[in-house]
Each structure stands twice: as structure tokens, then as C-alpha cells.
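# Structural features, examined
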Amino acid sequence: MNKQQGVFNGNIFAPLSGEVKQLGQVPDPTFAQKMMGDGLAIEPSEGKVVSPVDGEVVQIFPTKHAVGLRSQDGVEVLIHIGLETVSLEGKGFEAHVNQGDKVKVGDSLVTFDMDYVKKNAKSLITPIIITNGDVLSTFEKTSESSVQAGNSSLFQANVNGNNPQATANNKNNNNPYGNEAEEIVAAVGGVENIDAATHCVTRLRFALADDEKVDQEALENLDVVKGSFSTNGQFQVVIGQGTVDKVYRAMVDATGIQEASKDDVKALGGKKQNALQRGIKTLADIFIPILPAIVTAGLLMGINNILVNPIFGDQSIIEAYPQWAGIADMINIIANTAFTFLPALIGWSAVKRFGGNELLGVVLGLILVHPDLMNAWGYGAALKEGTIPTWNLFGFEVEKVGYQGQVLPVLLASWVMSKIEIFLKKRVIDSLQLLVVAPIALLVTGFLAFIIIGPITFTIGNGITNAVVSVFEAFPMIGGFLYGALYAPLVITGMHHTFLAVDLQLIGSTGTTFLWPILALSNIAQGSAVFAMMLLAKDEKLKGLAGTSGISAWLGITEPAMFGVNLRYKYPFYAAVLGTAIGGAFITFQHVKASSIGVGGIPAPLSIVSGSWLSFIIGMIIVIIVPFIFTYLIGKRKFK
């Protein structure tokens with residue numbers, strides 16, 4: 001179909017010239033998994049982006065790497081130039097339009113330096129996404145393998161109904177959160193104050209131009225908002241699971257804000273952070289994606305603990321009922337897999353975060369726990385006996401040791417491999433990349449991991465473990481009290497993510513962790529304090545919010561309780577901190593430990609070493625009673 005035939009007939013033209021790719025071929029899960037919508041990608045042959053439609057520019061990112069448009073027919077198009085180009089902060093890009101400009105097919109939107117972007121970004125491949133596919137009656141993609149900017153048809157997309165304005169009105173009427181979305185945007189400073197917006201499971205996440213423009217009071221007076229806070233350079237609005245995606249969709253539909261990926265928002269927010277904050281954010285970006293696997297493994301290990309330990313009498317369940325032994329053994333294998341191959345999980349997430357091929361990260365992690373290597377668990381005994389196996393590399397002895405349960409070796413090795421891979425990709429021609437880039441990156445990193453990275457980081461990791469263990473063994477009550485008092489404030493800053501790495505290192509080195517049980521008590525304490533607020537509250541909105549967020553906190557998700565109620569009134573938060581400090585001191589003095597990381601709330605006993613269940617349950621009673629009583633007594637006076 002030619003240009004003249006299709007401008008007003010649902011035709012969307014190619015915004016760039018180049019080779020057409022399917023989204024599944026894009027090396028970024030946000031686009032490959034169609035999280036933002038369906039579409040295609042183009043490997044550009046020239047650095048010019050033109051308008052694919054007659055319509056309006058609804059958003060151009062401050063970093064100029066992405067443009068959002070709305071056609072006259074109401075189709076919303078996102079053009080994301082390259083991958084991880086937001087980190088270039090606009091260098092190499094020149095925008096020729098502004099938000100609100102009217103454009104015709106073929107009008108120049110952005111030009112970019114292809115050589116600079118290719119050298120400094122992950123990839124030039126450019127996804128073109130239809131972000132409001134839910135309002136389309138038909139959507140067809142081109143079957144051509146290459147396209148010409150402004151001339152070749154890329155999509156045929158028709159919106160339900162013939163009147164674009166009617167379609168827009170229907171969208172707002174069909175979404176029950178349209179008014180709330182507009183009020184949230186107004187409260188955060190308006191559309192012009194939003195550089196980018198996305199959402200996670202419970203929160204809207206904004207990269208704002210100026211946090212001072214936020215009207216906190218107006219925001220928190222909205223029924224749909226459970227709380228808000230600023231952290232890691234992002235302003236986050238707590239909405240709640242199951243509702244946040246509807247509010248976000250309503251916000252996009254009602255205000256014209258273009259959808260952004262989490263990476264875009266993180267990168268824009270990261271520009272406001274100092275070096276320490278960026279380091280913490282990097283750790284969070286690596287460990288949060290693998291947390292579901294770790295928590296699932298912890299829950300399954302808890303079930304196995306019930307089966308194999310004498311909890312309900314002198315005999316365990318499998319001793320009393322031997323027919324359960326096989327089931328227990330299978331559960332143990334399923335549960336232990338995530339911890340046995342922990343370096344592979346970390347390798348996948350870390351290499352992805354550092355901009356490399358995440359599948360190579362998996363392979364790197366598996367290399368470090370290869371069965372032909374001596375298991376790290378037996379390293380101490382082998383060292384005493386002098387039986388550590390070695391490779392002889394031209395007279396240089398290298399220990400043939402695995403890194404099971406270790407965090408630091410695979411983290412640093414993943415960073416090194418990613419940098420080697422990125423370096424080679426920018427210098428090796430496309431036709432040879434498959435034969436050159438991955439083999440060299442993996443081989444060089446593998447040698448460095450066994451010769452330098454592994455031994456050094458293994459020593460550092462064990463040193464950190466020994467230091468933490470020594471402090472808590474020498475001063476258990478003080479250590480438990482301080483960590484209990486500090487954990488909730490650390491959540492506010494986002495620094496609590498660093499302790500996930502410490503927990504995993506402790507489990508990998510000693511088989512247990514004494515820090516995670518305190519985290520579980522902290523979550524329960526926040527829930528207890530907010531339940532007291534539920535009883536005290538006369539306002540129905542506050543009562544309802546406190547009730548639902550209290551249940552959420554007791555099941556391990558504390559954001560609605562902490563940011564929606566406890567921090568707003570302050571004294572419930574302080575009561576929860578006090579209760580956690582007391583409970584933390586008690587369980588640490590009783591040497592309570594967890595064999596894994598599980599659900600940090602009421603289900604937490606499943607992850608606790610069975611011999612410590614009674615002490616941990618007493619700790620749970622402490623963090624249920626102390627925050628509740630203190631919050632209730634103080635609140636009783638304040639609510640008079």
C-alpha cells in the first residue's frame with residue numbers, strides 16, 4: 001500500500017529505514033515479551049526517525065531516545081531508538097519536534113549518530129510498539145523483510161469505531177480510574193513535570209523533573225492512593241496489587257503520557273543519585289528479579305523441614321510414616337535447586353543488568369558450580385588436609401574449586417564478561433559475532449574467574465561472613481536490637497536490598513542466616529502497628545486502608561502499611577521499629593536462624609530451623625503485642 005492510499009486508512013508507516021525484526025528477536029524482555037504492547041523492530045540503516053502517522057507528538061523523552069505519537073485515528077505509537085539508550089542522556093540524539101506538535105507522515109522527529117549510539121549503547125535495534133492495542137479492531141504487521149522510512153507500510157491498525165474523539169471518550173468511560181489518574185498526574189506536578197512513568201506490582205513509579213512540585217497532601221487524600229514516597233531518584237505512589245495496572249492504563253489513556261519501560265524510569269531517576277545510591281540500586285536490580293525463585297525454594301524447604309524433623313513428637317513424619325520419605329526427598333531436591341545453582345541465577349540477572357547476553361550469564365554461573373570442581377562446602381576440610389585439587393597451567397597452580405552458594409565471584413565475573421562482550425560487539429562485524437564474541441567473552445572470563453576473580457572474591461566473601469558472624473556471636477542482643485531497629489528505616493532508603501546479598505552469602509557459607517528472621521519480624525511489626533490504627537481510626541478510608549495493608553504486611557508486603565499509614569502518622573512506625581528491635585534482640589540471643597529466605601511474615605516459621613521454632617514464635621508474639629499496644633495507647637490520646 002502506498003503512502004497516499006493509506007494515511008487516513010489505518011496505515012502506519014515505517015519510522016526508520018532498515019531490516020524488520022520480530023519483537024521476539026529484541027534482546028530486551030520488556031519488548032521481547034510485549035510488556036508494553038505488540039509491534040515490530042527495525043535494525044536501522046540510517047540515523048533518521050520520521051513520523052509514521054499523521055497525528056500529534058504526545059511525548060518526547062528528555063533524553064530524546066524515545067518518541068510517543070497518537071495518530072488522527074487514535075492509535076498510540078512508541079518509537080524506542082536503540083536499547084538502553086536512555087543511559088546516553090541525550091548524547092548523539094537531536095530532536096526536531098516538541099511535545100504537542102502536529103506532524104505528518106515523513107516529518108523528521110529525531111536524528112541520531114549511528115556510530116556513537118552503536119558504540120555506547122547495547123544495540124541499535126529500534127522497537128516500534130502499539131501501546132493501546134486493546135482499542136484496536138484489527139492489527140496486521142508487514143511481511144516485508146526491509147522497509148523505507150515514511151514510504152513502506154509497517155502496520156495496518158484500525159481503532160474500534162470511526163470517530164477518534166468518541167473512541168477516546170469511550171476509553172475514559174470504560175476505565176473506572178480515569179478521574180483518579182488525572183488527579184494523580186495533577187498532584188505530581190502535571191504532565192510537564194513527568195519525564196517518564198511506569199508501574200510495578202503495587203506502585204506507580206515516576207521520574208519527575210522536580211520533586212518539589214508534588215502536592216503530597218492532595219495526593220494522599222485520594223481514595224485510590226495508599227501512600228507515596230521518593231527513593232532511588234524515583235517518586236513512587238502506592239496503589240496496591242491488582243489495581244495499579246488499571247490506574248496506570250487510565251493515566252496513559254486520560255493524559256496522553258507515553259508508556260515507558262522500568263529501565264527508562266530507573267535510568268532517569270538514577271541521574272539524581274550519588275555513587276552509593278547507584279551501587280545499592282544495581283544490587284537491587286540484580287537480586288530482586290531472582291527473589292521469587294529464592295522465596296519459593298525457601299517455602300518448599302520449610303515443608304521439607306516439617307516432614308524430616310521431629311516437630312510433633314519424638315519421631316519425624318518420615319520416621320513415623322516411611323512411605324512419605326520419597327516425597328520428602330523429592331521436595332528437598334526441588335527446594336535445594338535454586339540454592340545449589342544460585343550462581344547461575346545471579347549470573348543471569350547480573351549479566352542482564354550489566355548489558356550482556358543473559359544466557360551467557362547462566363552458562364558462566366553453571367561453570368562456577370560444575371560437578372567436576374571440588375564443592376565449595378568441602379573447601380575448609382580439604383585445605384586442612386592439603387587435598388585441594390589443582391590445574392597446572394605451565395607451572396602455575398590454580399585451585400580446581402567450585403563456588404557453590406557464593407555471591408561475589410559470580411557478580412564480579414558477570415560484570416567482567418559483560419564488558420568484554422560489549423567491547424567485542426562494537427568492534428566485530430555482524431557476520432562474525434556469533435563465532436567470535438560469545439566464545440572469547442566466556443573463555444577469557446572463565447580463566448579470569450578461576451585464576452583471579454574467584455580466589456580473591458571467595459576470600460572477601462568469607463571475610464565478610466566471618467566478620468558479621470563474629471559480631472553477632474560476641475554481642476547477640478546488641479546486634480539483634482540494632483538490626484531490628486534499623487531495618488525498617490533501611491527499607492525507606494532502599495538500602496535493605498544490600499542485605500539480601502548478605503543473607504545469601506551467609507546461607508552459602510554457613511548453611512543458615514540469622515539476619516532474615518529479623519526481617520520477618522519487622523514485617524509483622526509493621527502489620528501489627530497498622531492493625532492498631534484500624535481500630536483507632538474513625539475515618540472509613542483510613543480504617544479500610546489499615547485493614548487491607550495490615551493483612552498484606554503479615555504476608556510479607558509492607559509498602560502499603562509502612563508508606564500508606566505508619567509513616568504518615570509516624571508513631572505507628574516508631575512503635576513497629578521498637579517492637580522489631582526488642583524481638584530481634586530476643587531471637588538473636590536465642591540463636592534463631594533460617595535455613596532459607598522465605599515469606600517475611602506470618603508464614604516465616606516455615607523457613608526457620610526447626611529447633612528454633614519456639615523461640616521465633618515468642619519473637620513473633622513480641623512484635624505483634626509491643627507495636628500494637630504502643631500504637632494504640634499513643635493513638636488513643638491523639639484521636640481524642
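What follows concerns the overall build of the protein chain. What the protein chain contains, in helices and strands, is 24 helices and 20 strands. Dimensions along the principal axes, computed over C-alpha positions, put the protein chain at roughly 85 × 80 × 50 Å. Out of the 640 residues in the protein chain, the part that is buried amounts to 54%. Sequence separation of 24 or more characterises 73% of the internal contacts of the protein chain that already satisfy a separation of 6 or more. Put simply, the protein chain shows about 27600 Å² of open surface, and 59% of that area lies on carbon and sulfur atoms. Across the protein chain, the mean location of the 44 positive side-chain charges is 5 Å away from that of the 52 negative side-chain charges.

Turning our attention to the packing of aromatic side chains. Taken as a whole, this structure holds 10 aromatic pairs when the rule is applied. Centroid distance F139 to F155: 5.2 Å. Interplanar angle 40 degrees. Geometry classified as tilted. Of this pair, F139 sits in strand β12 (residues 136-141) while F155 sits in strand β14 (residues 153-159), and the two are 16 residues apart along the sequence. The interplanar angle of 75 degrees and the centroid separation of 4.9 Å between the aromatic rings of F531 and W554 together place this pair among those described as edge-to-face. With F531 in helix α20 (residues 516-536) and W554 in helix α21 (residues 540-554), this pair connects stretches of sequence that are 23 residues apart. Taken together, the ring pairs connect Y483, Y487 and F499 into an aromatic cluster.

Our next topic: helix α16 (residues 408-425). Here α16 contains 18 residues, and its C-alpha end-to-end distance of 26 Å stays within 8% of the 26 Å for a straight helix at 1.5 Å per residue. Those residues of α16 that fall on the buried side of the exposure criterion are P409, V410, L411, A413, S414, V416, M417, S418, I420, E421, I422 and L424.

Judged by pairing direction, the sheet is antiparallel, and its 8 strands sit side by side in the order β9-β5-β6-β7-β11-β3-β2-β13 without closing on themselves. Strands at the two margins of the open sheet, each flanked by one partner only, are β9 (102-103) and β13 (146-147). Bridge analysis of strand β5 (residues 55-60) against strand β6 (residues 66-71) gives 5 bridges, and the strand direction is antiparallel. Bridged to Q59 within β6 is G68.

Now for the confidence of the model for the protein chain. Looking at the protein chain, the pLDDT average stands at 85 and 91% of residues meet or exceed 70. Low confidence marks residues 162-173, where pLDDT is under 50. Its contacts with residues over four positions away, or in another chain, come to 12 contacts.

We now examine the side chain of T126. Within the fold, T126 resides in strand β11 (residues 126-130). Exposure remark for T126: the relative accessible area of 0% places this residue in the buried category. Here the side chain of T126 touches G82 through a polar contact of 3.3 Å, landing on its backbone nitrogen. Among the polar contacts made by the side chain of T126, one reaches the main-chain carbonyl oxygen of L124 at a distance of 3.0 Å. If we skip the residues at most four places from it in the chain, T126 touches L16, L40, A41, I42, P44, I79, H80, I81 and G82.

Let us look at the side chain of N566. Topologically, N566 is positioned in helix α22 (residues 559-569). Taking the relative accessible area as the measure of exposure, N566 reaches 0% and is therefore buried. In this view, N566 contacts Q526, A529, V530, A561, P572 and F573; residues no more than four positions away in its chain are not counted.

Our next topic: the nonpolar core. Core analysis: the largest hydrophobic core is formed by 83 residues, its most contacted members being F287, I346, L504, W516, I597 and F616. A total of 9 residues in this core trace back to one element, the largest contributor, which is helix α17 (residues 433-474). Not counting the four nearest positions on each side in its chain, L504 is found in contact with F287, I294, F339, L342, G405, V407 and I597. Of all hydrophobic cores here, the second largest spans 35 residues; its members include L69, L109, I128 and I130.

Running from N to C, α20 and helix α23 (residues 571-589) point in directions that differ by 145 degrees, and their axes come no closer than 8 Å. Crossing angle aside, the handedness with which α20 passes α23 is right-handed. For the pair formed by α20 and α23, the contact residues are P517, I518, L521, S522, A525, Q526, A529 and M533 on the first element and Y571, P572, F573, A576, T580, G583, G584, I587 and T588 on the second. Of the residues contributing to the contact of α20 with α23, the split by class is 11 nonpolar, 6 polar and no charged.

Further remarks concern the pattern of salt bridges. Across all of its chains, the model carries 5 salt bridges by this definition. Residues E76 and R70 are paired through a salt bridge, measuring 3.6 Å at the closest nitrogen-oxygen approach. The residue E421 makes a salt bridge to K425 at a minimum N-O spacing of 3.5 Å. With E421 and K425 both in helix α16 and 4 residues apart, the pair spans about one turn of that helix. When its relative accessible area of 3% is taken as the criterion, E421 is described as buried. What makes K425 partly exposed here is its relative accessible area of 35%.

Bringing the environment of L482 into the picture now. Tracing the backbone through its elements, the reader meets L482 in helix α18 (residues 476-493). Judged by relative accessible area, L482 falls into the partly exposed class, the value being 46%. Separated by 322 residues in sequence, L482 and N160 have C-alpha atoms that sit 59 Å apart.

Analysis parameters
- Residues numbered from 1 in each chain as written.
- Predicted model: local features only at pLDDT ≥ 70, side-chain atom pairs only at ≥ 80, totals over all residues.
- Heavy atoms only, no water.
- Helix = DSSP H or I, 4+ residues; strand = E, 2+ residues; numbered from the N terminus.
- Buried < 20%, exposed > 50% of the residue type's maximum accessible area, 1.4 Å probe, protein only.
- Contact = heavy atoms within 4.5 Å.
- Areas by Shrake-Rupley, 256 points an atom, 1.4 Å probe, with all protein chains shown as cover.
- Lys, Arg positive; Asp, Glu negative; His and termini not counted.
- Charge placed at Lys NZ, Arg CZ, Asp CG, Glu CD.
- Phe/Tyr/Trp six-rings, centres within 6.5 Å; stacked < 30°, edge-to-face > 60°.
- Expected span 1.5 Å × (residues − 1).
- Pairing = 2+ DSSP bridges.
- pLDDT = per-residue confidence, 0-100.
- Polar contact = N/O pair within 3.5 Å; in protein donor to acceptor, adjacent residues only side chain to side chain.
- Core = buried A, V, L, I, M, F, W, Y, C linked by side-chain atoms within 4.5 Å.
- Axes fitted to C-alpha atoms, helices over the stretch in contact; angles between N-to-C directions.
- Left-handed = near helix turned anticlockwise from the far one by under 90°.
- Nonpolar A, V, L, I, M, F, W, Y, C, P; charged D, E, K, R; others polar.
- Salt bridge = Lys/Arg side-chain N within 4 Å of Asp/Glu carboxyl O.

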